[in-house]
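If you want the building blocks of each chain, they are given just below.
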Amino acid sequence: MTSGVLPSRSPELWWAFGAMGIATAGYLVAARSGLPGPGDLVGHSLGVAGFLLMAFAQVGYSWRKRPHRTGPGPAYRWLALHVFSGLVGPYLVLLHSAFRFRGLAGILSLLTLVVVLSGIAGRYWYRPSMDANPRRALWYLLHVPLSAAIAALAVFHVAGVLYYATGLR
Amino acid sequence: MQPHTGSTRWGILVALVALGGSALSWGLSGGAVFSPGGLSGARDSTSLGGIGSHAELDRRCGACHPGPFSGGTMSARCLACHTDIAGELPDSGTLHGSLEGARACLACHTEHRGRDGALTRFEGSGIAHDRFGFSLAAHQERTGGAPFLCTDCHGGRDFAFDAARCERCHRDEQPAFVRRHVEAWGHDCRGCHDGADRFGRNRFVHDSTGFPLTGEHRIVECAGCHTTTRSLAAFRDAPTACAACHQKDDRHRGGFGSDCASCHDTRSWEGARFDHTFPIDHGERGRVACRTCHVSREDWKQYTCYGCHEHTPARIAAEHREEGVGRDLTDCVRCHATGREEGEGGERED
């Protein structure tokens, strides 16, 4: 591990940036006739895909990293998948929002930014030798609880969409 | 502290608080916490359903969003207030009546874009555009090949046609011509253009009007002939008689009538082909000036033979008296069609 801006031995970051690049290219093509709205086919699809990736980021690694679990696959791969989906998922949700941050969606966006930044800091800034550092505990108290809040608000957001905007046209 | 255990418990607590807070704010805001944006403040001249603008419904989501199990639809709630639109639907001659699936209001209309946000956002492909006086036949692609968008012609809150967008786009294509064109014709593009002819590609064929542009007519600006035209119908009704445009150019002052084409063609006023049946060079002086015989410029059909030779009225009268010929001694050509002394015909007073 390195403390550089982009760790050379972190292929998950490159995969994530690649996926975000592909998503950006597709989004720009779709945006030629105006930004895709959150409820459009493109915007809605981005939201669903982002939500699923974020849900996986939250549940997958949390489930696998428990000390008593030994599989499937090594934990570091699950961590790499956690980083990948934890970056790409929020990015897709950002595109889904059409850059409008109002009400619940705005709160969700802000919390997601904090969680992603805290995740990056925790993964690439802290070192194993800092395990005993109280700031690491603070990171756990920030990254995990805020992720849980995001999950709750995201479910609430989806419920609201289903109630107010789906199947009523 | 065991970080994992502590963070999990803390996370569950935070999630529950978030859920509870959201549910509370949902209840207190009347659902507005889910609003993706403010409602339009656009006002019509009259209130609909007791509402002056959508903005008044900002905290009454249920006014437009029926619950999933209520059996209602958003479109039904739109039409409950917008009765004028509901009235259009059965009539295919109206804008909304012409649309496939017109009852799906959300297919074209949008909300939650703020007080000044647009209320219409549609692809337009389902609209029989021709029916409303403007064909999209020539507006399928922009100059660069990109597809045309509704917003290239429409805009504003009500997504109405915006003639200024015609000018902007066409100025980019032909700045000098469009500047002159607008100066000559004004800004009401749709007054004349119906979208059938393609601007800037010289696709309009004047021959189809029954008045082919030939000769000098080919280089005249439209406004040179259609001087006061301000509508497509007026364009079609433009007079085709030469005199309608060229009366002021008539050197004959109307004396040769208004059928200019009997002598002139559109290449030039000069070089008129005039079949002068009376031989101009019949006398001893050869070709003579028109004015020698046609002394009146007001009527070139009038002529006199007394302007030359020995043709004095007294002498001619005396000679004809001797011959016992004719009373009217002014219309000489009637009997002397070849200009010779011997009459070729006419009446003799016997």
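Residues numbered from 1 in each chain as written. Chains lettered and ligands numbered in written order. Predicted model: local features only at pLDDT ≥ 70, side-chain atom pairs only at ≥ 80, totals over all residues.

A. Local environment of the overall build of chain B. Across its full length, chain B carries 10 helices and 2 strands. In chain B, the order of α-helices and β-strands from amino to carboxyl end is α-α-α-β-β-α-α-α-α-α-α-α. Across the 350 residues in chain B, those meeting the buried criterion constitute 8%. For chain B, contacts bridging at least 24 residues in sequence account for 47% of all contacts bridging at least 6. (Helix = DSSP H or I, 4+ residues; strand = E, 2+ residues; numbered from the N terminus. Buried ≥ 20, exposed ≤ 12 C-beta atoms within 10 Å, placed from the backbone. Contact = placed C-beta atoms within 7 Å.)

B. Representation of the interface of chain B and chain A in the model. With 28 residues of chain B at the interface, the matching set in chain A holds 25 residues. At the level of secondary structure, the elements contributing two or more residues to the side of chain B that touches chain A comprise helix H1 (3-29) and helix H2 (74-81) of chain B. Broken down by class, the residue content of the side of chain B that touches chain A amounts to 18 nonpolar, 10 polar and no charged. (Nonpolar A, V, L, I, M, F, W, Y, C, P; charged D, E, K, R; others polar.)

C. Quick peek at the packing of helix H4 (residues 163-173) of chain B against helix H5 (residues 175-185) of chain B. All names here are of chain B. Contact geometry of H4 with H5 gives a least axis separation of 6 Å together with a crossing angle of 140°. Relative to H5, H4 is oriented oblique. Each of Glu 167, His 170 and Arg 171 in H4 lies in contact with H5, whose residues at this interface are Pro 175, Val 178 and Val 182. (Axes fitted to C-alpha atoms, helices over the stretch in contact; angles between N-to-C directions. Parallel < 35°, antiparallel > 145°, perpendicular 65-115°, else oblique.)

D. Structural view of the nonpolar core. Ranked by internal contacts, the top residues of the largest apolar core, which has 33 residues, are Ala149(A), Ile150(A), Ala152(A) and Leu153(A). Secondary structure elements with two or more residues in this core: helix H2 (41-64), helix H3 (75-96), helix H4 (103-124) and helix H5 (134-165) of chain A together with H1 of chain B. Ranked by residues supplied to this core, first place goes to H5(A) with 12 residues. With near-sequence residues (within four places) excluded, Leu153(A) lies in contact with Leu104(A), Ile107(A), Leu108(A), Ala18(B) and Ser22(B). (Core = buried A, V, L, I, M, F, W, Y, C linked by C-beta atoms within 7 Å.)

E. Structural detail: the packing of H3(A) against H4(A). Residue and element names in this part refer to chain A. The contact between H3 and H4 brings their axes to 11 Å, and the two run at 155°. When the axis of H3 is compared with that of H4, the two are roughly antiparallel. Considering the relative orientation of H3 and H4, their crossing is left-handed. Residues Val 83, Gly 86, Leu 87, Pro 90 and Val 93 of H3 lie in contact with H4, whose contacting residues are Thr 112, Val 116, Gly 119 and Arg 123. (Left-handed = near helix turned anticlockwise from the far one by under 90°.)

F. Focus on the environment of Arg123(A). Residues and elements named next belong to chain A. Along the chain, Arg 123 turns up in helix H4. A count of 19 C-beta atoms within 10 Å places Arg 123 in the partly exposed class. For the pair Arg 123 and Ala 80, spaced 43 residues apart in the sequence, the C-alpha separation amounts to 9.9 Å.

G. Spotlight on the confidence of the model for chain A. Residues and elements named next belong to chain A. On average, residues of chain A score 80 in pLDDT, and 84% of them reach the 70 mark or higher. Mean pLDDT in chain A bottoms out at H5, which sits at 79, and peaks at helix H1 (residues 11-30), which reaches 90. Segment residues 1-5: pLDDT under 50, and 5 contacts once partners within four positions in sequence are set aside and those in other chains are kept. (pLDDT = per-residue confidence, 0-100.)

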